[in-house]
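Analysis of the macromolecular model
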Amino acid sequence: ANTTSEFDTIAAISTPPGEGAISIVRLSGEQAVEVACKVFKGKDLHKVASHTINYGHIIDPKTHAVVDEVMVSVMLAPKTYTREDIIEINTHGGIVATNHVLQLLLSYGARMAEPGEFTKRAFLNGRIDLTQAESVMDLIRAKTDRAMQVAVDQLDGSLSHLIKGIRQDILDALAQVEVNIDYPEYDDVETVTTKMLVEKATMVKQRIEDLLATANRGKVLREGLATAIVGRPNVGKSSLLNHLLHEDKAIVTDVPGTTRDVIEEYVNVRDVPLKLVDTAGIRATEDKVEKIGVERSRKAITAADLVLLVLNNSEPLTDEDNELLAATRNKKRLIILNKTDLPVKLDDQELKRQVAAEDIIAISALTTNGIDKLEERIADLFWGGIENSQSNTLVTNARQIGLLNQADQALDDVLKGINDGMPVDLVQIDMTRCWDLLGEITGDSYQDELLNQLFSQFCLGK
Ligand code: GDP
Ligand code: ZN
């Protein structure tokens, strides 16, 4: 890793668009101070100490007009995010002034940063590894505090740490193989060596599979648990939805900086990010004739990881209720018995023949009775067991999962090879492949294309 930069100087607005009165324009690279000096009026930024904040104005050198009143942070390499010289200009004049500042920097020697390029440089300059870079991305997109915590832990390097430990074990085993072959102490060195390899491979495999087991939850934390609220007309779906969306729990994101432009609706239930499926179907019917119908419900059910099936406790079960009960039989589901504030008409026994009692939750969307219990159940379904697990490390993305699966496969090949009586040096090749694959997770062996793809997913300015 190099601490002096071999790259040009890049610039971007680092704060989210349209938020707050202060925005930050960030510069990174050898020319960062030079470029900033050309448009800054105040102290000579070449002469100020590193890691200081300096008051002044951004001036358009051509017109001499004041563009904005600013605070400029000067942070010199190598103790910076990118390990390059960094200038951060805190602007106050809103988005127009901020854009103007950026334009000036671009006219005076900086290049517009690509999405994620600051973080890419932090990686290329050896400051962070790939799992940490990925967690920066997760942080930007985190949907709940818990998702944020997982990302923070990764940023801290906990996944890398685990992976590095596993790689070290593999390396030790490979070294042991060499020693055994070069300096045989026993007559049956081959037997001793393969026995050791089986033990090591089995142990490493277990640790990889433990990590893979966390992947499902990691995925949900990243992407949200796809949740469908279904039920026939007037059972109280909209009312329930409104309660789930109330109390500042609604998160509507448009995932900035990605190709997905769709607005997705998330609701944070006790730190479980629910990604609501087809709420348009629920809302659109407010003043029209309700036409969700079983057909549309089926689609939502298919797309969902979790189904909340709402029934009306103050009416007998209908054919449509029964159809929905049948359609969700093989799904992870909770049956919401709504309108429990009204006299009971629904046949409890008939329902319990179709549904496990613990999956039924009685609520009243009118009085809010039982909503707490519902939220608790959702949290239990998701977090059950995990709170007590020894490690807070979660594998959170498809790239990491893919590589772990391949590494797991390589270990299968090791074990199968030994079982089939393959020569040790051939078994070594599969063991080494496993070591390589794990290295790709942390970026200890990386390819340019992978990097570009990875970092292009970042928001601009990160
Ligand atoms: P949806 O068609 O399934 O979305 O049902 P809505 O949420 O629009 O509710 C239909 C009607 O039932 C509305 O008039 C609600 O005010 C009413 N309602 C919803 N939940 C309850 C409840 O728990 N108790 C009572 N008494 N009325 C409810
Ligand atoms: Zn409400």
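Residues numbered from 1 in each chain as written. Chains lettered and ligands numbered in written order. Predicted model: local features only at pLDDT ≥ 70, side-chain atom pairs only at ≥ 80, totals over all residues.

Section: the overall build of the protein chain
On a plain count of helices and strands, the protein chain comes out with 17 helices and 14 strands. The buried share of the protein chain, reckoned over its 462 residues, is 39%. Look at the contacts in the protein chain between residues 6 or more apart in sequence, and 71% of them connect residues 24 or more apart. (Helix = DSSP H or I, 4+ residues; strand = E, 2+ residues; numbered from the N terminus. Buried ≥ 20, exposed ≤ 12 C-beta atoms within 10 Å, placed from the backbone. Contact = placed C-beta atoms within 7 Å.)

Looking at the sheet that holds strand β3 (residues 40–42)
Across the sheet, which stays open at both edges, the 7 strands sit in the order β3-β4-β5-β6-β2-β1-β7 with mixed pairing between neighbours. What marks the edges here is a single partner per strand, and that holds for β3 and β7 (111–112). As defined by bridge partners, strand β5 (residues 66–75) adjoins strand β6 (residues 86–91) across 6 bridges and the pair is classed as antiparallel. When the sheet's bridge partners are listed, Met71 is paired in β6 with Asn90. (Pairing = 2+ DSSP bridges.)

Side note on the UniProt feature "binding site: (6S)-5-formyl-5,6,7,8-tetrahydrofolate" (unreviewed entry) in the protein chain
Within this structure's numbering, the places UniProt gives as "binding site: (6S)-5-formyl-5,6,7,8-tetrahydrofolate" (unreviewed entry) are Arg26, Glu88, Arg127 and Lys462. On the secondary structure map, Arg26 appears in strand β2 (residues 23–28). You can call Arg26 buried: it has 24 C-beta atoms within 10 Å. (UniProt positions renumbered as here; feature names shortened; annotations may be inferred.)

Details of the nonpolar core
One broad rule of soluble globular proteins: the nonpolar side chains tend to lie buried together. Counting 62 residues, the largest nonpolar core has Ala11, Leu27, Ala36, Ile87, Leu105, Ala407 and Cys434 as its most contacted members. Among the domains, domain 1 (10–127) and domain 2 (141–214 + 395–443) are the pair contributing at least three residues each to this core. In contact with Ala11, not counting residues within four places along its chain, are Val25, Arg26, Leu27, Leu102, Leu105, Leu106, Ala110, Met112 and Ala113. In this structure, Val272, Ala304, Val310 and Ile361 belong to the second largest nonpolar core, which totals 36 residues. (Core = buried A, V, L, I, M, F, W, Y, C linked by C-beta atoms within 7 Å. Domains from an automatic or database assignment.)

Comments concerning the site of ligand 1
Lining the immediate surroundings of ligand 1 are 17 residues, of which Gly236, Lys237, Ser238, Ser239 and Leu366 lie closest. Looking at side-chain class alone, the shell around ligand 1 contains 6 nonpolar, 7 polar and 4 charged residues. (Near = placed C-beta within 6 Å. Nonpolar A, V, L, I, M, F, W, Y, C, P; charged D, E, K, R; others polar.)

Considerations on unusual backbone geometry
Each neighbour pair has its own omega, and for Ala77 with Pro78 the value is 5°, a cis peptide bond. Of note, the phi angle at Lys339 is positive, near 65°, even though the residue is not glycine.

Details of the pairing of strand β4 (residues 52–59)
In summary, the side chains of a regular strand alternate between the two faces of the sheet. Both β3 and β4 contribute to a ladder of 3 bridges, which runs antiparallel. Directly across from Lys41, in β4, lies its bridge partner His57. For β4 and β5, the ladder comprises 8 bridges, and the chain directions are antiparallel. The partner of Gly56 across the bridge, within β5, is Val70. What sits between β4 and β5 in their antiparallel hairpin is a turn of 6 residues, with His64 showing a positive phi close to 65°.

Overview of the confidence of the model for the protein chain
Taken over all residues, the pLDDT of the protein chain has a mean of 81, while the share at 70 or more is 78%. Under a pLDDT of 50 for its full length, residues 1–5 has, in the predicted model, 11 contacts with residues more than four places off or in other chains. The low-confidence segment residues 385–390, where pLDDT is below 50, has 1 contact with residues more than four positions distant or belonging to other chains. Interface confidence in the predicted complex, given as ipTM, is 0.97; pTM for the same model is 0.52. (pLDDT = per-residue confidence, 0-100.)

Comments concerning the environment of Tyr55
Looking at the element boundaries, Tyr55 is found in strand β4. Tyr55 sits in the exposed class, given 11 other C-beta atoms within 10 Å. It is 6.4 Å that separates the C-alpha atoms of Tyr55 and Val72, two residues lying 17 residues apart in sequence. When neighbours within four sequence positions are excluded, Tyr55 is seen to be in contact with Gly42 and Met71.

Here's the deal with the pairing of β2
In terms of burial, β2 is largely enclosed, as 5 of its 6 residues are buried. Two strands pair when backbone bridges link them, and strand β1 (residues 10–13) and β2 are joined in this way by 4 bridges, in the antiparallel orientation. Residue pairing in the sheet places Ile13 in a bridge with Val25 of β2.

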